[in-house]
Each structure stands twice: as C-alpha cells, then as structure tokens.
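Chains, contacts and geometry: an overview
So the chains spell out like this:
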Amino acid sequence: MNTADTRGSSEHGHEAAGEDAFREAITIGDGVDGTDATRRAEADGDRHDGPRNTPDQGEMELAERHALRRVQGLSTELTDITEVEYRALRLERVVLIGVWTSGNQTDADNSLTELAALSETAGALVLEGLTQRRSKPDPATYVGKGKAAELRDIVEATGADTVICDGELTPGQLRQLEDVVKVKVVDRTALILDIFAQHASSSEGKAQVELAQLSYLLPRLRGWGDSLSRQAGGSGGGAGGGVGTRGPGETKIETDRRRINDKMAKLRRQLAHMRTARDVKRDVRRTREVPSVAIAGYTNAGKSSLLNRLTGAGVLVENALFATLDPTVRQARTPDGRGFTLSDTVGFVRHLPHQLVEAFRSTLEEVADSDLILHVIDGSHPDPESQIRAVHEVFADIEAGDVPELIVVNKVDAADPDVLKVLRTRYPTMVEVSARTGEGVPELVAALAEALPELAHEVNALVPYTRGDLIAKVHQEGRIISEEHTGDGTAIHAFVPELLAAKLNEYAPSRA
Ligand SMILES: Nc1nc2c(ncn2[C@@H]2O[C@H](COP(=O)(O)OP(=O)(O)OP(=O)(O)O)[C@@H](O)[C@H]2O)c(=O)[nH]1
Ligand SMILES: [Mg+2]
C-alpha cells in the first residue's frame, strides 16, 4: 500500500488521513485472507460465540460456509459473463476505489472500510484502496482521468485482478474504466449480490438472489459483451476491432436476453408460490394473536447473536456481512408469561441494491408486518447514526415506518463511551446490551415485555379435568393471573388471545 499512499497524498492531501482507517479495513477478519478454508476456520474458532463442543445449527452452517471459501489461484477471468454462471464472479486480489461527493473524509473512510469488509466477506483479498473527492462521479470512467491512470498503475504494481468501485456504475462506466485499468471492474451492487449468492441457503433465498442478479444483469448484457469484444480487439473500442468485436453478436445478446427474461418469469412464479405458503403460516400466527417481534438492523450489528442470547436459537453468527439471509422465527415468552414470536432477518446496508429489496420484499414484509421492531445497532461502529439512517430508509421503502420500534444498542462491551453518549441523547429510550456478555439483556427483556401489546381477553373459567388441553394452551399462549385445582376442575383467571377466550368462555361459571 505504500506506493499508492504516497501518490494519493501528493495529489490529494486529505487521503493521508484515511490511511490508518484503511489499514484497519484491510485487517478485518483478523488479517486472514479469506481464501484458505482451514486457516480461516481455525481463526474463526475464538471469534465464535457459543460453546464449541456442542455444534449447533449455526456452527454447522458456519463450517459448511468456510469449507466453500474460494481458493486462491483461480484468477478472475474476463470471459463472457453471459456464458459463465453469473455467481462465479471470482473476486480475488482486489483494489478498491471510491468517489465521495459529500460528507467528510471520515465518512469516505468509513465507506471504504465497509467496502473492504464486503469484499472480504465475498472472499477477496483487499490489496489497496483509494478514494477521490469529486463533485460527482465522472460520467465516463467513474473516477477522473488522472485517478484512473493512477489506479491502473496500482493494479499493475500489486498484481490485482479486479477493481471494486464503491457505488453503482453504469454499464458504460464499468466498460470504460475496464478499458483503462485492464482488469475486471465490479461495482458495489454486484459485490453485494455476490455475497448474497454465496450465503443463500433456503430455496426461497436462492430464488430471491437469483432474481436480483438477473435483474442486475439484464441491462448490462450488451455492456459486458462490448467490453469483451474490445478486450480481444485492443483498445479504442467501436466497430473497427477485428475478430473479437464480432464475438457475442446481436443475435447472441438477444437470445441471452430472452433466456434471462424467461428465467426471471419462472423465478417470480416460484417465489409467488413460496410466498403463499409463508402467508399461510403468518396468518396462523395472526389468528392466534401471538404478537410478533422482528429483529432488524444493519448487517453485522449482532442481530443473530441477540436472538441466540434471547432464545438459545443456535442461529449462525459470523463476523461477515449478510451472514443471515433466511429468516428464522422462534417462540419466546415475556417474564409474565405472554408468548410472542421473535424473528431474525437479513441485515441492511447503505444503498442496499434495489434489485435485492425487490427480490427480498416478501422476506422483508415480515418486518413490516410485525407488532414491534427491535432495531439492533452496532454500538462499536464509529458512526452508528449513519447505519440507523440507512436502516430507516429501508423501513420506509418496505412500508415498515409505522411499526413501533425499540432501539437496542448492541456490543456495548466494545463501544466507545463517547459514541454511546451521543446515542443516548438522541434516543433516550434506547436499551443498551451486549449479546456477547449478556449485559443489559434483562433490561431488554423488560423493555420488550413493556412494549408488547397486552392480550386483550380476560377470562375466568372452571375447566373440567377432561379439558387439560385448554389449560395447557393457556400456559402456552396466555398470561395467568391465578390457577387453582378444585374438586370440579381447574379454576383459572387469565388474559388470553381471542380464539382461546371463546373456548374458555364455554366453561365460564354462569352468572345466573
Ligand atoms: N464485542 C461484541 N461483539 C458482538 C456482540 N454481538 C455480536 N457480536 C459479533 O458481531 C459479529 C456479527 O454478529 P451476528 O450476530 O452474526 O450479526 P448479524 O446482525 O446477525 O449479522 P448479519 O446476519 O450478517 O446481518 C459476530 O462476529 C459476533 O460475534 C457483542 O455484544 N459484543
Ligand atoms: Mg445474522
């Protein structure tokens, strides 16, 4: 990184300040490069929550995921993207580049740090990162001409095989920047899609990701084709490029486009089907009037850790972005005995690709449909408020803006006290916890119980011993005020959901 830093600071003095932040960025993941499955798994051992001798669901998933880590030595090939499977974007040795148009240097650094974490999560080795301050990204090459040339030198010097841009680029920008740097150029959207593709495990998750990838790919078909043509025909572009330019011709692009459209239609049908099944399940929960609590928040905030801490669910926890894609729903209970469901969801990120929001809409609806959102915040992040804003944007997008929200600042064991102080003034009712140490968890449980709607129906009944099933249900779903075993049956006074109330009322002592 030395060469580039000197260059960076001579041209743009402010970049030197970002050096430290960035050096931190490239050691995310304990400096393990993410390409050696064994080393990675070992290194993860001590970062991993939960007992190591009893592998639970999450640990098994983690082992499986690491076993699938990319191996080094497969270079990113500039083959026709329409012919390789899209998700095989083999990111490897990468250089990051960001353009910042607003905010200060710290914001720019945080953003590049996040891009580094995303890259490593995708299995790439981050070699270098640079940012450029511009009023807006260059319409031709995203970064300006000078910066692009600098980028090319860095790519050459480091032997990088991919450049990742911190934004969404137009097909034209990707192509023209590729032309300058002579290696593959990928944008943040493609990177996030790639992580989702690696992490999706349920059939619904896989279908959702594939749909998002295809809708990202569709408008870019020609772009990639052109780029490859130019690759073969030398720089300069245009029609005069010789054999290579005729590579993926018009007909091929048309065929690909049709194939992709067909595939997307099929995926949409499948998803609609899966969605019906999910709606049915949710309706069952609704009619039982069991309140639902959704754990939502920025990726890596500790949502799964918190669910595990609250319910012992054994959900996969990983220091990687988007570890969780499939929603997990668990039964839980307030200290006074009211049942509720607690669900873990996919994390959010700044500029979550809209293709993903679209594709994951049905999953995200769980959040919009819940009675309460536990909005988990990573208190150890230097700028949690920017993450809160990003999450609120997604809430608005999925129409979850009206759902009551309980702000939970997690990782207080690792948080900067000053950051916490600022948060406290902004969100006076927030709860501070550490899923790792358990600190604050009892307070969180109390706040949760407080925020949950009270069961609406109060019943007094004398239930005969032959209807033990009803009493069991009251224990499961209701809140018991008193219970007494009499000669005629169980006398019970409780708050219960509507359906159960109707059944219990058959045994209400007559008022006559
Ligand atoms: N220091 C500290 N680390 C924590 C705490 N809670 C979670 N972590 C770590 O934060 C990382 C992310 O935790 P997860 O529970 O996977 O986070 P998540 O929000 O579910 O992340 P995604 O599913 O990827 O969106 C893991 O490395 C956890 O060990 C905490 O209270 N303190
Ligand atoms: Mg998770």
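See the structure printed just above.
Residues numbered from 1 in each chain as written. Chains lettered and ligands numbered in written order. Predicted model: local features only at pLDDT ≥ 70, side-chain atom pairs only at ≥ 80, totals over all residues.

1. Concerning the environment of Glu254
Our working rule: A run of H or I in DSSP counts as a helix once it spans at least four residues, and a run of E counts as a strand once it spans at least two, with each numbered from the N terminus.
With respect to the helices and strands, Glu254 occurs in helix H11 (residues 250-287). C-alpha separation for the pair Glu254 and Leu221, spaced 33 residues apart in sequence, amounts to 9.3 Å.

2. Side note on the pairing of strand S8 (residues 372-378)
Definition in use: To sort residues by burial, count the other C-beta atoms lying within 10 Å of each one's C-beta; a count of 20 or more means buried, 12 or fewer means exposed, and anything in between means partly exposed. C-beta atoms are built from the backbone. A pair of strands is treated as paired once DSSP finds two or more bridges between them. Consider the strands pointing away from the viewer: the crossover is right-handed when the path from the first strand over the helix to the second runs clockwise.
Most of S8 is tucked away: 7 of the 7 residues are buried. The side-chain alternation of S8 yields two buried faces, one formed by Leu372, Leu374, Val376 and Asp378 and the other by Ile373, His375 and Ile377. Here strand S5 (residues 292-297) pairs with S8 via 5 bridges, running parallel. Paired with Val293 across the two strands is Leu372, which belongs to S8. Bridge analysis of S8 against strand S9 (residues 405-410) gives 6 bridges, and the strand direction is parallel. Bridging across to S9, Asp378 finds its partner in Asn410. Handedness of the S8-helix H15 (residues 384-397)-S9 crossover: right-handed.

3. Concerning the environment of Arg361
As for its position among the elements, Arg361 is in helix H14 (residues 361-368). By C-beta crowding, Arg361 is classed as partly exposed, having 15 other C-beta atoms within 10 Å. Separated by 36 residues in sequence, Arg361 and Asp397 place their C-alpha atoms 9.7 Å apart.

4. Things to note about the environment of Arg330
Tracing the chain through its elements places Arg330 in strand S6 (residues 328-333). Residue class for Arg330 comes out partly exposed when judged on the 19 C-beta atoms lying within 10 Å of it. Sequence-wise, Arg330 and Val403 are 73 residues apart; in three dimensions their C-alpha atoms are separated by 20 Å.

5. Re the nonpolar core
Filter applied, for reference: As used throughout, a nonpolar core is a set of buried Ala, Val, Leu, Ile, Met, Phe, Trp, Tyr and Cys residues joined through C-beta atoms within 7 Å of each other.
Counting residues in hydrophobic clusters, the biggest one holds 91 residues, and the most contacted among them are Val94, Val95, Leu96, Leu151, Val163, Leu193 and Val408. With 7 residues, helix H8 (residues 188-199) is the largest single contributor of residues to this core.

6. What to know about helix H12 (residues 303-311)
Three- or four-residue spacings in an α-helix give side chains the same orientation, since the helix completes a turn every 3.6 residues. For H12, the tally of buried residues reaches 8 of 9 residues, placing the bulk of the element in the interior. Residues Lys303, Ser304, Ser305, Leu306, Leu307, Asn308, Arg309 and Leu310 constitute the buried set of H12.

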